[in-house]
Amino acid sequence: MRKRRPTQIKSKVFNYQVANRRSHAGSNRWIHGVIVLVLIAVAAGIVYVWLRNRELNSGYTVTELRKEIKEIKEDRIKAEAKVYKLREPARIQREVKERRLGLVQPQPGQVIHLDDPPPLVLADEGKAPEQPAGRRLWDAIVLGER
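In this report, the structure presented in the accompanying data block is examined.

### Details of the overall build of the chain
Point 1. In terms of regular secondary structure, the chain is built from three helices and two strands.
Point 2. Listing each helix as α and each strand as β along the chain from the N terminus yields β-β-α-α-α.
Point 3. The 146 residues of the chain split such that 3% are buried.
Point 4. Carbon and sulfur atoms make up 58% of the accessible area of the chain, which totals about 14,900 Å².

This is the structure we're talking about:
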């Protein structure tokens, strides 16, 4: 490449030289570098905002799901308490009398007691069997245990 000479400008007041702006083809590289850096920064900002938005939406979803789980657990506790209440022998006897169903207590010879089947033994024989979910919920309601 050939170097261009500055342009000589002469006036009545000043005598000065002006550099030729198109002196080298690679002289604008720094501008391209700045543009690339700005584009990278903008892209990084967009990705950051997008990821933050997804994080917030996930947090809202988790909060809603936890609230729904809590409501379902409360409904289940209420339903199990209602089942235990409906199973009370005194309530059943009262219903029989009110509806005049004509049911009477069985004679001692009419009652057959069945033994409970032995509990199933799974792969973890050393562990004690866990209480049924209904019993755990009842204990949580009545005894205040978790």
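### Observations regarding unusual backbone geometry
Point 1. Unusually for a residue other than glycine, Arg-100 sits at a positive phi of about 50°.
Point 2. Its place among the elements puts Arg-100 in the loop between helix 2 (89-99) and helix 3 (133-142).

### Some points on helix 3
An α-helix turns once per 3.6 residues; consequently, residues spaced three or four apart project the same way.
Point 1. When we look at burial in helix 3, the residues that qualify are Gly-134, Leu-137 and Asp-139.
Point 2. Contact partners of the buried residues in helix 3: helix 1 (29-86).

### Brief notes about the side chain of Glu-80
Point 1. You can see Glu-80 is positioned in helix 1.
Point 2. Using a relative accessible area of 18% as the deciding quantity, one classes Glu-80 as buried.
Point 3. Those residues in contact with Glu-80, other than ones at most four positions away along the chain, are Ala-133, Gly-134 and Leu-137.

### Looking at the packing of helix 1 against helix 3
Point 1. Between helix 1 and helix 3, the least distance of the axes is 10 Å, while the angle of their chain directions is 95°. Of the possible angle classes, the one that applies to helix 1 and helix 3 is roughly perpendicular. Between helix 1 and helix 3, the residues in contact are Arg-76, Ile-77, Glu-80, Ala-81 and Tyr-84 and Ala-133, Gly-134, Arg-135, Leu-137, Trp-138 and Ile-141, respectively.
Point 2. Of the residues that constitute the contact of helix 1 with helix 3, the class distribution is seven nonpolar, one polar and three charged.

### Description of a nonpolar patch on the surface
Point 1. Taken together, the side chains of Trp-30, Ile-31, Val-34, Ile-35, Val-38, Leu-39, Val-42 and Ile-46 present a nonpolar region at the surface, about 780 Å² in accessible area.
Point 2. In this structure Ile-31 comes out as partly exposed when scored by relative accessible area, which is 34%.

### So, the pattern of salt bridges
Point 1. Applying the stated criterion across every chain yields a total of four salt bridges.
Point 2. Between Glu-55 and Arg-52 there is a salt bridge; the shortest N-O distance is 3.4 Å. Within this pair, Glu-55 and its partner Arg-52 are both found in helix 1, separated by three residues, close to a single helical turn.
Point 3. Assessed through its relative accessible area of 37%, Arg-52 is described here as partly exposed.
Point 4. Residues Glu-80 and Arg-76 are paired through a salt bridge, measuring 3.5 Å at the closest nitrogen-oxygen approach. Of this pair, Glu-80 and Arg-76 both sit in helix 1, four residues apart, which is roughly one turn of that helix.
Point 5. Residue classification places Arg-76 among the partly exposed positions, given a relative accessible area of 44%.

### So, a negative patch on the surface
Point 1. A cluster of acidic residues, Glu-64, Glu-68, Glu-71, Glu-74 and Asp-75, forms a negative patch at the surface.
Point 2. Turning to its location among the elements, Glu-64 is positioned in helix 1.

What counts, and at which threshold
Residues numbered from 1 in each chain as written. Predicted model: local features only at pLDDT ≥ 70, side-chain atom pairs only at ≥ 80, totals over all residues. Heavy atoms only, no water. Helix = DSSP H or I, 4+ residues; strand = E, 2+ residues; numbered from the N terminus. Buried < 20%, exposed > 50% of the residue type's maximum accessible area, 1.4 Å probe, protein only. Areas by Shrake-Rupley, 256 points an atom, 1.4 Å probe, with all protein chains shown as cover. Contact = heavy atoms within 4.5 Å. Axes fitted to C-alpha atoms, helices over the stretch in contact; angles between N-to-C directions. Parallel < 35°, antiparallel > 145°, perpendicular 65-115°, else oblique. Nonpolar A, V, L, I, M, F, W, Y, C, P; charged D, E, K, R; others polar. Patch = residues over 30% accessible without salt bridge, like charges linked within 9 Å, V, L, I, M, F, W, Y side chains within 5 Å. Salt bridge = Lys/Arg side-chain N within 4 Å of Asp/Glu carboxyl O. Lys, Arg positive; Asp, Glu negative; His and termini not counted. Charge placed at Lys NZ, Arg CZ, Asp CG, Glu CD.

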